[in-house]
Amino acid sequence: MIKQVHIIGIPMDLGSGRRGVDMGPSALRIAGIADKLHSLGYTTIDEGDISVANQETQSVQDNTLKYLPQITEACTSLAIKVKTVLDNGGFPLILGGDHALSIGSIAGIAAHCKEHNKTLGVLWIDAHADMNTPETTPSGNIHGMPLAVSLGFGAEELTSILYPEPKLKAEHLVLIGPRSIDPGEREFIKRNGITTHTMFSIDKHGIYDITLRALERMRSSVDHLHISFDVDSADPSIAKGVGTPVPGGLSYRETHLIMEMAAESGLVSSFEIAETNPILDDMNASAVFASDVLASCMGKRIL
Ligand SMILES: [Mn+2]
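Below is a short write-up of the structure. (Residues numbered from 1 in each chain as written. Predicted model: local features only at pLDDT ≥ 70, side-chain atom pairs only at ≥ 80, totals over all residues.)

It is worth spelling out the packing of helix α10 (residues 252-265) against helix α11 (residues 285-297) at this point. Where α10 contacts α11, the axes come no closer than 7 Å and their chain directions differ by 30°. The orientation of α10 with respect to α11, classified from their angle, is roughly parallel. Together, T255, H256, M259, E260, A262 and A263 of α10 and V293, S296 and C297 of α11 make up the contact between the two elements. Of the residues belonging to the contact of α10 with α11, the class tally is five nonpolar, three polar and one charged. (Axes fitted to C-alpha atoms, helices over the stretch in contact; angles between N-to-C directions. Helix = DSSP H or I, 4+ residues; strand = E, 2+ residues; numbered from the N terminus. Parallel < 35°, antiparallel > 145°, perpendicular 65-115°, else oblique. Contact = placed C-beta atoms within 7 Å. Nonpolar A, V, L, I, M, F, W, Y, C, P; charged D, E, K, R; others polar.)

For the rest of this paragraph, the subject is the pairing of strand β1 (residues 5-10). A regular strand places its side chains on the two faces of the sheet in alternate fashion. Across the six residues that make up β1, a large majority, six, are buried. Judged by which residues are buried, β1 turns out to be covered on both faces: V5, I7 and G9 on one side and H6, I8 and I10 on the other are all buried. Where β1 lies against strand β2 (residues 44-49), four bridges are found, and the strand directions are parallel. For H6, the partnering residue across the bridge sits in β2 and is I45. Where β1 meets strand β3 (residues 91-96), six bridges bridge the pair, whose relative direction is parallel. For I10, the partnering residue across the bridge sits in β3 and is G96. (Buried ≥ 20, exposed ≤ 12 C-beta atoms within 10 Å, placed from the backbone. Pairing = 2+ DSSP bridges.)

Look at helix α4 (residues 101-115): 22 Å from first C-alpha to last across 15 residues, which is about the 21 Å you get at 1.5 Å a residue. Within α4, 13 of the 15 residues are buried, leaving the element largely enclosed by the surrounding structure. Phi for N117, located one or two positions after α4, is positive at around 50°. (Expected span 1.5 Å × (residues − 1).)

Okay, the packing of helix α9 (residues 207-221) against α10 next. Think of two packed helices as two axes; the pair is described by the angle between the axes and how far apart they sit. At a minimum axis distance of 10 Å, the contact between α9 and α10 shows a crossing angle of 30°. By the angle between their axes, α9 is roughly parallel relative to α10. For the pair α9 and α10, the crossing hand works out as right-handed. Between α9, through I207, Y208, T211, L212, L215 and R219, and α10, the contact on the second element is made entirely by E254, L257, I258, M261, A262 and S265. (Left-handed = near helix turned anticlockwise from the far one by under 90°.)

Turning our eyes to something else, we now look at the environment of Q4. Topologically, Q4 is positioned in the segment before β1. Residue classification places Q4 among the partly exposed residues on the basis of 14 C-beta atoms within 10 Å. Through-space distance from the C-alpha of Q4 to that of V85 is 9.6 Å; in sequence the pair is 81 residues apart. For Q4, the contacting residues outside a window of four places in its chain are T43, I45, G90 and F91.

Attention now goes to the pairing of β3. The element β3 is extensively covered by neighbouring structure, given that six of its six residues are classed as buried. Where β3 and strand β8 (residues 268-274) come together, three bridges link them in parallel fashion. Across the sheet, residue L93 finds its bridge partner in β8, namely F271.

It is worth spelling out unusual backbone geometry at this point. Between G96 and the following residue, G97, the backbone shows a cis peptide bond with an omega angle of 10°. Looking at the element boundaries, G97 is found in the loop between β3 and α4. A positive phi angle, close to 50°, is found at D130, a residue other than glycine. Positionally, D130 belongs in the loop between β4 (120-125) and α5 (146-150). Residue D130 is classed as buried on the basis of its C-beta count, with 27 C-beta atoms lying within 10 Å.

Quick look at helix α3 (residues 68-87) now. Taking 1.5 Å per residue as the helical rise, α3 with its 20 residues ought to reach 28 Å, and the 28 Å between its terminal C-alpha atoms agrees with that figure. Counting buried positions along α3 yields 14 of 20 residues, so the element is predominantly enclosed. Positive backbone phi, approximately 85°, marks G89, located one or two places after α3.

If you want it as structure tokens, here you go:
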């Protein structure tokens, strides 16, 4: 049975150093994301946007955790909204916004899973590892920290959203696409044994084998698969309207193949799009790309 998709925008740029990703939800809606879902047979409910403080009205208190109180507030609202949608049997589709949003979305999904005795798995598709802590961060930008937070490391304000335990286990997380990893993150990945398919291993083994193995592992170990798609995972030649572009990314077909295989697996129960930045874009092409990527994950097939 096809679920109802609940679209939740979070126009947040407080977690990133560069302005513009707060316009991501709008760009994705204008790219026709709801119509693409309708043409696949889904019904959608647009839940509107989570309220996020405007950067101009706020000031930084802590340079290792910029805009911590404001991000905590927005992520808590998002967590509650996502949990409610899942508790009612819906499919949450979160439109960002900078990637700090995942602190909230994953907390909400994890709280739902905890109550329903489900195990959460996350497929994180990104040019970066997003695993810094206040001790290792080079920038103080919280959008570089969401995975560390979800695994239980970092500011207590963030790790304790909805409930105080870690939201995700390292063995239920797979990263695909990183090519820019900070020294502290490298240590973090090794120390916690996180499965990380960098662009090097994608070039070496091919995206088909890597995705197949990732999905097989998820099938045997989790009940709820969440996909976090950072649009910067794709090569900037395909999607230049992103928060932090890094050359050498996933190709158009590699990105779609991951999603087509995820759709075929039938495992995906929630999805988010992070870091769309219309200011750096060309005629909204990156948002259109991201919405097409989502369609592939939701069952759009070539034939
Ligand atoms: Mn990211």
